[in-house]
Amino acid sequence: MTPKDKSIAQITKIAENNKWYIQSANMRTYYNWTCCNSAIDCAHASLGFWCMRSMKYMEAFLPEDSFNKKAIAELEKQKKDPQHIIKVMNNCEEKSKILHNFYKKYTKKTIEEFSYNQFYTVLNELDKINYDYWKIAYLCDLYDPTGSLLLDNEIKKEKIKLTEKETDILMKTNWLNYTQKELLELLEISSNANNSIKEKDTLLKKHAKKYFYVDNSWESTKELTIDDFKKKIEEIPSSEKETMLRNLKEDWDKRREEIIKKHNISNSLQNILFFFRQLFILRDKRKEHTLITNHYYDLLFKRLSVLSDIPFEKLRVLLVKDIKPKLDADYLIDLIEKRKEFVLETYIDGKNQLFSGKEAEYIYTLLKKQFESSSNIIKGTTASKGNIKGTVRIIMGESHFSKFRKGDILVAPMTRPEYLPIMKKAIGIITDEGGITCHAAIVSRELGIPCIIGTQIATKTLRDGQIVELDTKNGIIRII
């Protein structure tokens, strides 16, 4: 038996004997595979697999037991030390400052003029900083599998009955994330009657420079201009602007205090609620960094495209560690060819190993078996209540948005800010991933539409056009 055969045999045993939590999306490998390694470190895990299919579909198989153990351990630390999550957030903020300094140091123009040596040095600089940031910032994801259950158990100990709306308010703060800040500032620019056309243009130019990244995603990046934001203003109905401004300025801290007083919520439960609120903030801050960091990854790989004469879109299956100190275009072209259908990385006891082609597909098939189901029922966690029946649309990323119709049920690996336009058209939402702090949970409650998260298998089991029923009382989806 060759060393490679022994490795495959070991992987087969690990794949079959562990319970996995999947995270997936359309994306580029160089955006995310560093984050996968950071996730393993954050969860103190010894195992993990992540793969890319057809140069687009990314899936990470992460050990659920490690997630749950670390999540419980961090919650116990918070119970003993109410400052624990603040220390974590401060640590993350220090890493965040390093990322911000990187953003300031390099402009699009300077990157476009890089020599190969400069490109290589700066790419590795960014990847190291990003790794260090994600190693801390991944903490919120550890609560996706069981966070809702952990919080429910803490609330039950108090023997109080909170409505879904009250629980939602207890999770809110007056802190605004980057999408809310951007919208608030844009509305204020457009609503100020004292601004002349010239003054508005000046303000919009500054706005575009500040928020150029807001439409970026895990799938692609786009540098927005003043014209994009002008169009955004035009698409907001005048009748809705005041309501939107009022909602963005809602005093959630005051409303939260009213609920705390009404139910006489103990200091110990308030401490737990504070912990989960900080996880909300951590996830949103991380989203902002991700969108900007992906912008810089793309700038750097576009420079590599020019230097190597390899089309930019073909580079999407490359990893930062594939890049050698000296340019070797033939080597990169060979890697791209091998990874066209499948590329998979394993992490076992501190060692990473890459597989491509048939070997990668074989390992992926083993991992996927755990999530196969012939039942007409899919189980998940209710994020927003309401029972509905409707037609399914599988949306893996932005490239699928055009097929979504008003009144469809949105099925996605996870939702992110760029999903908001189609979420507003949906009568229900189903996701593979997510916990109490996830985007789908928050937005579905705000929109008042039924939502079941954390199914792990919805995008793999359901098909476009199928009719399903969401039973949020029991957290299940029935295929009709």
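The following paragraphs examine the structure supplied in this document. The shown structure was predicted, so the numbers you read here are calculated from the model rather than taken from an experiment.

## Re the overall build of the chain
Then comes step 1: Looking only at helices and strands, one finds 19 helices and 13 strands in the chain.
Then comes step 2: Computed over the C-alpha atoms, the radius of gyration of the chain is 23 Å, within 12% of the 23 Å expected from 2.2 N^0.38 for a compact globule of 480 residues.
Then comes step 3: For the chain, the spread of C-alpha atoms along the principal axes amounts to about 65 × 60 × 50 Å.
Then comes step 4: Classification of the 480 residues of the chain by burial places 55% in the buried group.
Then comes step 5: For the chain, long-range pairs separated by at least 24 residues make up 69% of all intrachain contacts whose partners lie at least 6 apart in sequence.
Then comes step 6: For the chain, the exposed area adds up to about 22500 Å²; of that, 51% sits on carbon and sulfur atoms.
Then comes step 7: For the chain, the centre of its 80 positive side-chain charges and the centre of its 68 negative side-chain charges are spaced 2 Å apart.

## Some details on the sheet that holds strand 8 (residues 388-394)
Strand pairs in the sheet, formed through backbone hydrogen bonds, run parallel or antiparallel to each other.
Then comes step 1: Within the open sheet, the eight strands sit side by side as 6-13-12-8-9-10-11-7. Their pairing is mixed. Edge strands, defined here as strands with exactly one partner in the open sheet, are strand 6 (377-379) and strand 7 (381-384). The sheet shows a mean angle of 30 degrees between the axes of neighbouring strands, taken without regard to direction.
Then comes step 2: Contacts from helix 18 (residues 439-447) reach strand 7, strand 10 (428-431) and strand 11 (451-453), with the element oriented near 45 degrees to strand 7.

## Some thoughts on the environment of T365
Then comes step 1: Tracing the chain through its elements places T365 in helix 16 (residues 357-369).
Then comes step 2: By relative accessible area, which is 33% here, T365 ends up partly exposed.

## Describing the sheet that holds strand 5 (residues 351-356)
Then comes step 1: In space, the five strands of this open sheet follow the order 1-3-2-4-5, with antiparallel pairing throughout. The outermost strands of the open sheet, each flanked by one partner alone, are strand 1 (20-26) and strand 5. The mean angle between the axes of side-by-side strands here comes to 15 degrees, regardless of whether they run parallel or antiparallel.
Then comes step 2: Sheet topology places strand 2 (residues 47-53) next to strand 4 (residues 342-348); seven bridges connect them, and they run antiparallel. By the bridge assignment for strand 4, M52 is matched with V343.
Then comes step 3: Contacting strand 2, strand 3 (57-63), strand 4 and strand 5, helix 2 (residues 29-42) runs over the sheet at an angle of about 170 degrees to strand 2.

## Re the packing of aromatic side chains
Then comes step 1: Taken as a whole and judged by the stated rule, the model has 24 aromatic pairs.
Then comes step 2: Between the aromatic rings of W134 and Y138, the centroid separation amounts to 6.4 Å while the plane-to-plane angle is 40 degrees, which identifies the pairing as tilted.
Then comes step 3: With relative accessibility at 6%, the residue W134 sits in the buried group.
Then comes step 4: Residue Y138 is classed as buried on the basis of its relative accessible area of 3%.
Then comes step 5: An aromatic cluster is present here, built from Y30, Y31, Y116, F119, Y297 and F301 joined pairwise through their rings.
Then comes step 6: Taking NZ or CZ as reference, K302 lies 5.4 Å from the ring centre of F312, over its face.

## Points about unusual backbone geometry
Then comes step 1: For H44, which is not glycine, the phi torsion reads 55 degrees and is therefore positive.
Then comes step 2: With respect to the element layout, H44 can be found in the loop between helix 2 and strand 2.
Then comes step 3: Relative accessible area serves as the criterion here: at 62%, H44 is assigned to the exposed category.
Then comes step 4: The residue D349 is not glycine, and still its phi comes out positive at about 50 degrees.
Then comes step 5: For D349, the position within the fold is in the loop between strand 4 and strand 5.

## Quick look at the pattern of salt bridges
Then comes step 1: What the rule picks out here adds up to 41 salt bridges.
Then comes step 2: Put simply, E74 and K77 hold a salt bridge, and the shortest N to O gap is 3.3 Å. You can see E74 and its partner K77 sitting in helix 3 (residues 64-80), three residues apart, about one turn around the helix.
Then comes step 3: For E74, a relative accessible area of 5% translates into the label buried.
Then comes step 4: Put simply, D144 and R283 hold a salt bridge, and the shortest N to O gap is 2.6 Å. Note that D144 is positioned in the loop between helix 6 (116-137) and helix 7 (147-157) and R283 in helix 14 (residues 267-308), a separation of 139 residues in sequence.
Then comes step 5: The network of salt bridges with common partners includes R28, D298, E313 and R316.

## Digging into the side chain of E74
Then comes step 1: A polar contact is formed between the side chain of E74 and the side chain of H84, at a distance of 2.6 Å.
Then comes step 2: Non-local contacts of E74, meaning those with residues more than four positions away in its chain, are made with H84, V88, L139, Y143 and F275.

## Notes on the nonpolar core
Then comes step 1: Core analysis: the biggest nonpolar cluster contains 104 residues, and W50, L139, L142, Y143, F276, Y296 and F301 have the highest contact counts within it.
Then comes step 2: Among the elements that take part in this core, helix 14 stands out by supplying 17 residues, more than any other.
Then comes step 3: When sequence neighbours within four positions are dropped, the list of residues in contact with F276 reads L75, Y143, G147, L151, M171, I436 and T437.

Cut-off values and rules
Every chain begins its residue count from 1, and numbering advances along the sequence as written. For this predicted model, a pLDDT threshold of at least 70 governs which residues receive local features, and a threshold of 80 or more governs which side-chain atom pairs are given and counted, while totals over whole chains, interfaces and linings are taken from all residues. The side-chain quantities take in all heavy atoms of the structure and omit both hydrogens and water. Helical segments are the DSSP runs of H or I of at least four residues, strand segments are the runs of E of at least two, and each set is numbered from the N terminus. Every radius of gyration here is taken over C-alpha atoms, with the globule rule written as 2.2 Å times N^0.38, N being the number of residues. When a residue's accessible area, from a 1.4 Å probe over protein chains only, is under 20% of the maximum for its type it is buried; when over 50% it is exposed; and in between it is partly exposed. It only takes one pair of heavy atoms within 4.5 Å for two residues to be counted as in contact. Values of accessible area rely on a 1.4 Å probe in the Shrake-Rupley scheme; residue burial ignores everything except the protein chains shown. His residues and chain termini do not enter the charge count, which takes Lys and Arg as positive and Asp and Glu as negative. Here the site of a charge means atom NZ of a Lys, CZ of an Arg, CG of an Asp or CD of a Glu. Here, any two strands with at least 2 DSSP bridges between them count as paired. Here an axis means a line fitted to C-alpha atoms, over the contact stretch when the element is a helix, while the angle between two N-to-C directions is reported on a 0 to 180 degree scale. For Phe, Tyr and Trp, where Trp contributes only its six-membered ring, two rings pair if their centres lie within 6.5 Å, and the inter-plane angle classes them as stacked under 30 degrees, edge-to-face over 60, or tilted in between. Charges are assigned to positions over rings by a cutoff of 6 Å between ring centre and Lys NZ or Arg CZ, combined with an angular limit of 35 degrees from the ring normal. Salt-bridge detection follows one rule: a side-chain nitrogen of Lys or Arg within 4 Å of a carboxyl oxygen of Asp or Glu. Pairing of N or O atoms within 3.5 Å defines a polar contact, subject to two protein rules: one partner must be a possible hydrogen donor and the other a possible acceptor, and residues neighboring in sequence count only if both atoms are side-chain atoms. What is meant by a nonpolar core is a set of buried Ala, Val, Leu, Ile, Met, Phe, Trp, Tyr and Cys residues, joined one to another through side-chain atoms within 4.5 Å.

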